Amino acid sequence: MPEPIKMEYDVPGDDFTRAGAASGDVKSVLKKLGLSSEAVRKVAISMYEGEINMVIHGGGGKIYVEITPEAVRMSLVDHGPGIKDISLAMQEGWSTAPESVRNLGFGAGMGLPNMKKYSDHMEIHSVVGEGTTVDMTVQVI
Amino acid sequence: MTIEQMAKALGYEMIGESGTFSREIESVYCCDLLSFVMGRAPAGSAWVTVMGNVNAVAVARLADVACVVFAEGVRPDQDAIEKAGQNEVALLCSPAPVFDTARAIAEAAGL
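K.L.:
Explain the overall build of chain B residue by residue, including any values.
P.N.:
If you tally the helices and strands in chain B, you get five helices and five strands. Listing the helices and strands of chain B from first to last along the sequence gives α-β-β-α-β-α-β-α-β-α. Whereas a compact globule of 111 residues would reach a radius of gyration of roughly 13 Å, chain B reaches 12 Å, a difference of no more than 12%. If you line up chain B on its principal axes, its C-alpha atoms span 30 × 30 × 25 Å. Within the span of chain B, comprising 111 residues, buried residues form 49% of the whole. Taking as baseline every contact in chain B between residues at least 6 positions apart, the subset at least 24 positions apart corresponds to 51%.

Shown next as structure tokens:
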């Protein structure tokens, strides 16, 4: 049983020029490891949506990635305002993103639904005033 | 049909590294909202948009579309061009509106 590959990223808040850097790096690593293009795409999309949410809403944070022969696990941790109503936030089209963010093409209320759709397992833990942690797993085999 | 063959057939400007234009176009997708693109654009598609910012390039890379086609004469900004070069994302510019661009690509590629 090989040791899992572990990676850790700092995600700066409100920096849209760097948003996606962590997801892009993970995508490159997974391609080099020879994962199927479908698995790579699922990780890239679900992680990017989470990364963008951290930039828009969470004031930045940390992303922890663990790669095993069976799965890619991502844990996205921010200390932002938290999510008041997770079931509402999970609905397509629901968004609290400001106008400035919508002008960039974000804020369509698709982030969390896309994360749910493209990961094989997702859990959200959020406390208002303390922050949000999203754990996602994409099965590789 | 490859991206390069399509660009030459339709007279669209190619921006970026020449090596990125050899991929096959498998479908066409039109949208400007990045999260819709992220969740719904098929891998290998020609994505037609007027959103010429650096985030569009990040979405194109991560959603694994074949290329981004900027319609309506939109030119991507400098950050977007640099990021596309670093990440081997093929960018094209079309003077035509979104629908006409998408239809032209589909017809040229026999989709």
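K.L.:
How would you explain the overall build of chain A if you had to name every residue and give the values?
P.N.:
Assigned secondary structure in chain A consists of five helices and five strands. In chain A, the order of α-helices and β-strands from amino to carboxyl end is β-α-α-β-β-α-α-α-β-β. Taken along the three principal axes of its C-alpha coordinates, chain A extends 45 × 30 × 25 Å. When each of the 141 residues of chain A is scored for burial, the buried share is 39%. For chain A, contacts bridging at least 24 residues in sequence account for 61% of all contacts bridging at least 6.

K.L.:
Can you tell me about the nonpolar core, naming the residues and giving the values?
P.N.:
Of all hydrophobic cores here, the largest spans 74 residues; its most connected members are W47, C67, V68 and V69 of chain B. If one sorts the elements of this core by residue count, helix 2 (residues 37-56) of chain A sits on top with 10 residues. Apart from the residues within four sequence positions on either side, C67 of chain B is in contact with I3, A46, A90, L91 and L92 of chain B.

K.L.:
Let's hear about the interface of chain B and chain A: which residues, and what values?
P.N.:
Across the contact, 20 residues belong to chain B and 21 residues belong to chain A. When contributions to the side of chain B that touches chain A are tallied by element, the ones reaching two or more residues are helix 2 (34-40), helix 3 (54-63) and helix 4 (78-87) of chain B. Among the elements that line the side of chain B that touches chain A, the one with the most residues is helix 3 of chain B, at seven residues. Tallied by class, the residues present in the side of chain B that touches chain A amount to 11 nonpolar, five polar and four charged.

K.L.:
Please provide a residue-by-residue account of the sheet that holds strand 1 (residues 13-15) of chain B, values included.
P.N.:
All names here are of chain B. Here five strands make up an open sheet; going across it, the order is 1-5-4-3-2 and the pairing mixed. Two strands lie at the open edges of the sheet, namely strand 1 and strand 2 (27-30), each paired on one side alone. Strand-to-strand, the axes of this sheet are offset by a mean angle of 25°, without reference to chain direction. Sheet topology note: the strand 4 (residues 67-70)/strand 5 (residues 90-93) ladder contains four bridges and is parallel. Its bridge partner being in strand 5, V69 is matched across the sheet by L92.

K.L.:
I'd like a description of the packing of helix 3 of chain B against helix 4 of chain B, backed by residues and values.
P.N.:
Residue and element names in this part refer to chain B. Between helix 3 and helix 4, whose axes approach to 7 Å, the crossing angle comes to 25°. By the angle between their directions, the pair helix 3 and helix 4 is classed as roughly parallel. Within the contact between the two elements, helix 3 uses V54, A56, V57, A58 and R61 and helix 4 uses D79, A80, K83, A84 and N87. Here the contact of helix 3 with helix 4 is composed, by residue class, of six nonpolar, one polar and three charged.

K.L.:
Please provide a residue-by-residue account of the pairing of strand 5 of chain B, values included.
P.N.:
Residues and elements named next belong to chain B. Residues A90 and L92 point to one face of strand 5 and L91 and C93 to the other, with burial holding for every one of them. Bridge analysis of strand 1 against strand 5 gives three bridges, and the strand direction is antiparallel. By the bridge assignment for strand 5, I15 is matched with L91.

Scoring rules and cut-offs
Residues numbered from 1 in each chain as written. Chains lettered and ligands numbered in written order. Predicted model: local features only at pLDDT ≥ 70, side-chain atom pairs only at ≥ 80, totals over all residues. Helix = DSSP H or I, 4+ residues; strand = E, 2+ residues; numbered from the N terminus. Rg over C-alpha atoms; globule rule 2.2 N^0.38 Å. Buried ≥ 20, exposed ≤ 12 C-beta atoms within 10 Å, placed from the backbone. Contact = placed C-beta atoms within 7 Å. Core = buried A, V, L, I, M, F, W, Y, C linked by C-beta atoms within 7 Å. Nonpolar A, V, L, I, M, F, W, Y, C, P; charged D, E, K, R; others polar. Pairing = 2+ DSSP bridges. Axes fitted to C-alpha atoms, helices over the stretch in contact; angles between N-to-C directions. Parallel < 35°, antiparallel > 145°, perpendicular 65-115°, else oblique.

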